[in-house]
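Fold and geometry: a report
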Amino acid sequence: MIKKQKILSGLLAILTLCLIYALPANAAHYHDLEKNRQPCSDCHVQHYSEGGGTPSGVETGGPFAELLIRSTTNKLCLFCHDGSDPKAPDVLNPVTMYDGSGDEHSGAGFFNNSGGVTTENGHDLGVDTVSIPFSSMTNISLTCASCHDPHGTANYRNVLTSPAGGTGIAVEPALDVFRDAPPGDPPSASASIAAYKESNLGYKAKSSLWCTECHDGLKTTVNVPGNRVHHFVDIPINGTGYPTDSAHWVAGTGSGFGTATGDLTEGVPRLRFQVSGATDYISSKVIASNNEVICASCHMAHGGKYKKGLVWPYLEPDSPVDANSGCNQCHNF
Ligand code: HEC
Ligand code: HEC
Ligand code: HEC
Ligand code: HEC
Ligand code: HEC
Ligand code: HEC
């Protein structure tokens, strides 16, 4: 009898521990709203037909998959992230919230449409793409949940550890990516501008490897000197024998450098880079000859104004004055 009780209480203790560890771990990163956690009801409805009709605030025509309040995940997320809610970072063109913030855009840039229409300017939402560049994946239709966990993760920006399945790669805040201003708690319009503008993040590692989870043709094990399919990343500008001008990069003036993209003067703001020895936000922002080039130096994760989601107008047909600016910051031709 005593033995049975011991086993039972042992089991109970284990169960309790599991609960204690499982619940807060999830809750703490929950949409990064910290103490001000977002209620499930912001996104889910339990009894769609309870009142015999459409519940208020919920799209008609339901119930929908996963008991969501919108018919698709993209619609659900864009309901707040389309610029209509000044506290929610706007990810849908046109984006004006960062005007006057000192930055030209957010860390990820923006999608050119809310879904279903192909664009050349970055990732497409809700379009069935048969063949994906530099990827063994086929037939993908991207949603916000292809890259972000709607319920939060320990990763920066709640990105999924395994966007393509498999082991994946965790990109952790305060370890791989640093931030200066935290978001507001509770969220506010001004705190969101400061928290989500591009310069609020500093990079140390793994953000590029994360992109190669889906674009596996660019993995550092595949895209090697003998089989070069793309520009290298995670390498220092001053590596021996590189066709770069690291002194020019450090000086930050002249060819390639400017105050605004798309003004009529050659030069764009300094591109993003990575500091592999960084320990905090400040050290991740120190300009040095061994700063490293990353995917985010050239691309924005969502997309933007220019072809291929590039940060500056490199491929635009009328060859604007800024066409080679990004390249020249490191190469100085
Ligand atoms: C920001 C919006 C949002 C909030 C808030 C939210 N969910 Fe979800 N939830 C989603 C989306 C979107 C999916 C579908 C995921 C997909 O498309 O892959 C989902 C899926 C689910 C699923 C299906 C299984 C799974 O994980 O995919 C469960 C269960 C669930 N949510 C429970 C909850 C509970 C419980 C809460 C509150 C603690 C909550 N959700 C809060 C957006 C949300
Ligand atoms: C292809 C992957 C991908 C898809 C699809 C995607 N995101 Fe992101 N998103 C990212 C990455 C990566 C970042 C972080 C970029 C950085 O700053 O380094 C990010 C950043 C963000 C941010 C922070 C603000 C910003 O603009 O930097 C928000 C909010 C966000 N995403 C929401 C969304 C929503 C809503 C959708 C769907 C409409 C979506 N994302 C679809 C990869 C994606
Ligand atoms: C969930 C898988 C996934 C992840 C993660 C992902 N991509 Fe993609 N990417 C795609 C798919 C699918 C396409 C093809 C459809 C399209 O253009 O959106 C694509 C296309 C692209 C394109 C071509 C866009 C165009 O306009 O032709 C670029 C550039 C790109 N990705 C860069 C990146 C970068 C940089 C990252 C990391 C921030 C990244 N991708 C992360 C799935 C992914
Ligand atoms: C009810 C409104 C609402 C909905 C619906 C919503 N969001 Fe958000 N989201 C916000 C707000 C507000 C913030 C800013 C939070 C802050 O500053 O603390 C935010 C922040 C984010 C961030 C940045 C988190 C960080 O700290 O890095 C991401 C990524 C994001 N949302 C993705 C999504 C995705 C994906 C969906 C759909 C599954 C979604 N959101 C649905 C309101 C919403
Ligand atoms: C030095 C700048 C630079 C870096 C770094 C860079 N790219 Fe690109 N990327 C470009 C340019 C420019 C293009 C347009 C096509 C071209 O010129 O090859 C492009 C095109 C692409 C395309 C679309 C190819 C197509 O055929 O549509 C994908 C996908 C892509 N890049 C993903 C990535 C990923 C993922 C990373 C990081 C692992 C990365 N890029 C790093 C500059 C860069
Ligand atoms: C942030 C710095 C940075 C930027 C921006 C940059 N590069 Fe590079 N680039 C490098 C470094 C470092 C190397 C040396 C490593 C290597 O060979 O990939 C390099 C190498 C090259 C090479 C030589 C490849 C070989 O086979 O040896 C070419 C060509 C090149 N870059 C073109 C470009 C173009 C075009 C752009 C603009 C679209 C660009 N780079 C933007 C840092 C940069």
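**Focus on the overall build of the chain**
What the chain contains, in helices and strands, is nine helices and six strands. The buried share of the chain, taken over its 333 residues, is 35%. Partitioning the intrachain contacts of the chain with sequence separation of at least 6 by distance along the chain shows that 55% fall at a separation of at least 24.

**Overview of the site of ligand 5**
Taken together, 19 residues lie near ligand 5, and Pro133, Cys211, His231, Cys295 and Cys298 sit nearest. Secondary structure elements with two or more residues in the shell around ligand 5: α5 (207–214) and α8 (295–298). Its residues placed into classes, the shell around ligand 5 shows eleven nonpolar, seven polar and one charged.

**Regarding the site of ligand 1**
Surrounding ligand 1, one finds 13 residues, the nearest of these being Cys40, Cys43, Glu66, Ala145 and Pro150. When the residues that make up the shell around ligand 1 are grouped by side-chain class, the tally is six nonpolar, five polar and two charged.

**Concerning the nonpolar core**
Ranked by size, the top nonpolar core spans 45 residues in total, and within it Val159, Val171, Val177, Val293 and Ile294 carry the most contacts. Breaking this core down by element, the ones donating at least two residues are α2 (73–81), α3 (144–147), β3 (177–179), β4 (201–203), α5 and α8. Looking at which element gives the most residues to this core, the answer is α2, with three residues. Residue contacts for Val171: discarding those within four places in its chain leaves Asn155, Tyr156, Val159, Asp176, Val177, Lys206, Ser207 and Trp210. In this structure, Met97, Ile193, Ala194 and Tyr196 belong to the second largest nonpolar core, which totals five residues.

**Examining the confidence of the model for the chain**
As a note on interpretation, predicted positions should not be read in detail where pLDDT is low. The pLDDT averaged across the chain works out to 88; a share of 88% of its residues lies at or above 70. Across residues 1–30, where pLDDT falls below 50, the model places eleven contacts with residues more than four positions away in sequence or in other chains.

Parameters at a glance
Position numbers for residues start from 1 in each chain and track the written sequence from start to end. All chains are assigned letters beginning with A, and all ligands numbers beginning with 1, in the order in which they are written. Restriction of local features to residues with pLDDT of at least 70 applies here, the model being predicted, together with a cutoff of 80 or more for giving and counting side-chain atom pairs; totals for whole chains, interfaces and linings are based on all residues. Helix and strand assignments come from DSSP, with helices taken as H or I runs of at least 4 residues and strands as E runs of at least 2, each series counted from the N terminus. Three exposure classes are used. Buried residues have 20 or more other C-beta atoms within 10 Å of their own C-beta, exposed residues have 12 or fewer, and partly exposed residues fall in between, all C-beta atoms being placed from the backbone. Note on contacts: residues are paired as contacts if their backbone-placed C-beta atoms lie within 7 Å. By convention here, the C-beta atom is placed from the backbone, and a residue is near a molecule or strand when that atom is within 6 Å of it. Following the grouping adopted for this structure description, the nonpolar residues are Ala, Val, Leu, Ile, Met, Phe, Trp, Tyr, Cys and Pro, the charged ones are Asp, Glu, Lys and Arg, and the polar ones are all others, Gly among them. In these notes, a nonpolar core means any group of buried Ala, Val, Leu, Ile, Met, Phe, Trp, Tyr and Cys residues linked to one another through C-beta atoms within 7 Å. pLDDT is defined as a per-residue confidence score from the predictor, taking values between 0 and 100.

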